[in-house]
Amino acid sequence: MPRFRTGTVTAITSERDGLQRVEVDRRPAYVLTRLIGPVAVGDAVVVNTTAVDLGLGTGGWDVVHWNLARDEWDQPGAGHVMKLRYTSLQIDAGVAEEAEGYTPPTDLGGVPVIACALHSQVACVAAAMADTAPGARLVYVMTDAGALPLALSDLVADLRDVGWLQATVTVGQAFGGEHEAVNLRSGLDVARAVAGADVIVVGTGPGVVGTGTRHGFSGLEVAGIIDLAGSGGGRPVVALRWSDADSRPRHRGLSHHSLTALAYAHHGATVAVPEGYPAPELGAPHRIIETEVPDVGAMLDDAGLRVTTMGRGPEEDPGFFDFAAAAGVVGAGLLSS
C-alpha cells in the first residue's frame, strides 16, 4: 500500500524546468511541477513516502503529491493524448504524432540506434560521440522502463548543458521530453523527423528493476529496441553491460542482462566491444565490432560531470564505461558507412 503524510515545505534547494528539489520538514523531497505545479516555503503539502520507507532506490527522496496551499491548479497541455493514463496524476502531455503538419518518415533511413540497458550508459555514449563525431546530432529517446518523468534525470540535464545531447523524446508513459511520442517505434520516427537525429540513443530513465531472475529485469527491453530499430530501417547498436567490480556474479564481466536480451532479439545488431576486452560468443544474427575507445572518465571530469553506475565511477569500474563508450564510437562510425 502507498504511504502518504502531510508536512510543510521548509526549504527549496534547487529548481529546473519540470522539477523542484525541496525539503519537507527537513526531509528531502522533489516536486514534479508539470503534474502539480510549484510549491513555496511554508506551503502545506501531501508527500508520498512509500519508496523511502521501503528502502528502495530513489536516492532518499520523497515525492510531493499535492500542494494543500492551493485549491486548484491548471496548466494547459499540448494535445489530447494522455500519459500516466487512468491515474490521479494523468497529464495531457500531447504527442508529436498529433501535431499539425507532422508526417512520419517512410523508414529510419539507416540512422544508428544505440540501445542502452542502464541510464548511466547514455552519458558514455554521448561522450564517445562528442569525441568521435563532433557536430553529429545525438537525440535521446527515453523509454518507460524506469523513471517516467525525464525531469528527474540530472544526467540528461548535464548532457544538454555541455552540448553532448541535442534533443530528447519520451515514449510510452514516460513524459517530459522536448518531444512526446506514443510508443518506441513512433518515438524513433519523431527523433529522426522532428528532432533531426543523426544518431539515436535509446534506453530507460533513472532507476531500473532487477529481480535476480532470468527475465525479471528492465533491461530485457533492449531486445525490443533492437527489433523495432532494425525492422524500421535503422541500424541497431548495443551497449553491453560489463562490470569489473560488481559483487554479484551475474553482473561480473559481461552481465547476463545483455546476453539474455540479445538472445531474444530477432533482428541482427552490431555489438560494440572495446579493444583489450574479451568478445562474447554471440553468433547470428549479431555481429561484433571491436574498437578503440576514448578516455571517457577524463572527458567526464573535464566537463565537470560525475557519472556513476551502482555508485561506482570510471576509476572504480572502468570496463562499464569502456563498453558503453564503444557503442558510441561504433554508432559514430556507422555515419560514414
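Here's a quick rundown of the structure. Since the structure is predicted, the reported quantities are computational estimates derived from the model, not experimental observations. (Residues numbered from 1 in each chain as written. Predicted model: local features only at pLDDT ≥ 70, side-chain atom pairs only at ≥ 80, totals over all residues. Heavy atoms only, no water.)

## A short note on the pattern of salt bridges
Here the structure, examined in full by the defined rule, presents 12 salt bridges. Here arginine 3 makes a salt bridge to aspartate 53, at a shortest N to O gap of 3.8 Å. Placement of arginine 3 in the segment before strand 1 (4-16) and of aspartate 53 in helix 2 (residues 50-53) is noted, with a sequence separation of 50 residues between them. Note on arginine 3: relative accessible area 39%, which makes it partly exposed. (Salt bridge = Lys/Arg side-chain N within 4 Å of Asp/Glu carboxyl O. Helix = DSSP H or I, 4+ residues; strand = E, 2+ residues; numbered from the N terminus. Buried < 20%, exposed > 50% of the residue type's maximum accessible area, 1.4 Å probe, protein only.)

## Structural notes on the sheet that holds strand 7 (residues 138-142)
Ordered in space as 9-8-7-10-6-11-14-15, the 8 strands form an open sheet in which the pairing is parallel. The open sheet terminates on both sides in strands that have one partner only, identified here as strand 9 (179-181) and strand 15 (287-291). The sheet shows a mean angle of 25° between the axes of neighbouring strands, direction not considered. (Pairing = 2+ DSSP bridges. Axes fitted to C-alpha atoms, helices over the stretch in contact; angles between N-to-C directions.)

## Describing the packing of aromatic side chains
Counted according to the given criterion, the structure contains 4 aromatic pairs. Aromatic pair tryptophan 242 and tyrosine 277: ring centres 5.5 Å apart, planes at 80°, arrangement edge-to-face. Highlighted residues: tryptophan 242 in strand 12 (residues 242-243) and tyrosine 277 in the loop between strand 14 (270-274) and strand 15, separated in sequence by 35 residues. Across the pair, exposure class does not vary: tryptophan 242 and tyrosine 277 are buried alike. Here the basic side chain of arginine 21 rests over the ring of tryptophan 61, its NZ or CZ set 4.6 Å away from the ring centre. (Phe/Tyr/Trp six-rings, centres within 6.5 Å; stacked < 30°, edge-to-face > 60°. Lys NZ or Arg CZ within 6 Å of the ring centre and 35° of its normal.)

## A closer look at the environment of glutamate 275
Note that glutamate 275 resides in the loop between strand 14 and strand 15. Residue glutamate 275 is classed as partly exposed on the basis of its relative accessible area of 47%. Between the C-alpha atom of glutamate 275 and that of phenylalanine 323, which follows or precedes it by 48 residues, the distance is 9.5 Å. Look past the residues within four positions of glutamate 275 in its chain and what remains in contact with it is Glu290, Thr291 and Glu292. (Contact = heavy atoms within 4.5 Å.)

## Quick look at the sheet that holds strand 5 (residues 62-67)
Strand order in the closed barrel made by the 5 strands is 1-2-3-5-4, with mixed pairing throughout. Along the sheet, successive strands turn relative to each other by an average axial angle of 55°, direction set aside. Bridge count between strand 1 and strand 4 (residues 44-48): 5 bridges; the pairing is antiparallel. Its bridge partner being in strand 4, glycine 7 is matched across the sheet by valine 45.

## Focus on the layout of surface pockets
The computed volume of the second largest pocket comes to approximately 470 Å³. Lining the second largest pocket we find 25 residues, and of these Arg34, Gly77, Ile91, Asp92 and Ala93 sit closest to its centre. For the lining of the second largest pocket, the secondary-structure elements that each account for two or more residues are helix 1 (33-36) and strand 9. Here the lining of the second largest pocket is composed, by residue class, of 12 nonpolar, 7 polar and 6 charged. (1 Å grid on protein atoms, 1.4 Å probe; cavity = no way out; pocket = protein on both sides within 12 Å on 5 of 7 lines; lining within 4 Å. Points joined across faces, edges and corners; volume = space filled by probe spheres on them. Nonpolar A, V, L, I, M, F, W, Y, C, P; charged D, E, K, R; others polar.)

## Structural notes on the side chain of arginine 21
Note that arginine 21 resides in strand 2 (residues 19-24). Note on arginine 21: relative accessible area 12%, which makes it buried.

## Describing unusual backbone geometry
Note the cis peptide between alanine 284 and proline 285, where omega equals 5°. Looking at the element boundaries, proline 285 is found in the loop between strand 14 and strand 15. Backbone geometry places arginine 26, a non-glycine residue, at a positive phi of 70°. Looking at arginine 26, the relative accessible area reads 69%, which means it is exposed. Its identity is not glycine, yet tyrosine 86 carries a phi of approximately 65°, on the positive side. Relative to the helices and strands, tyrosine 86 is located in the loop between strand 5 and strand 6 (112-115).

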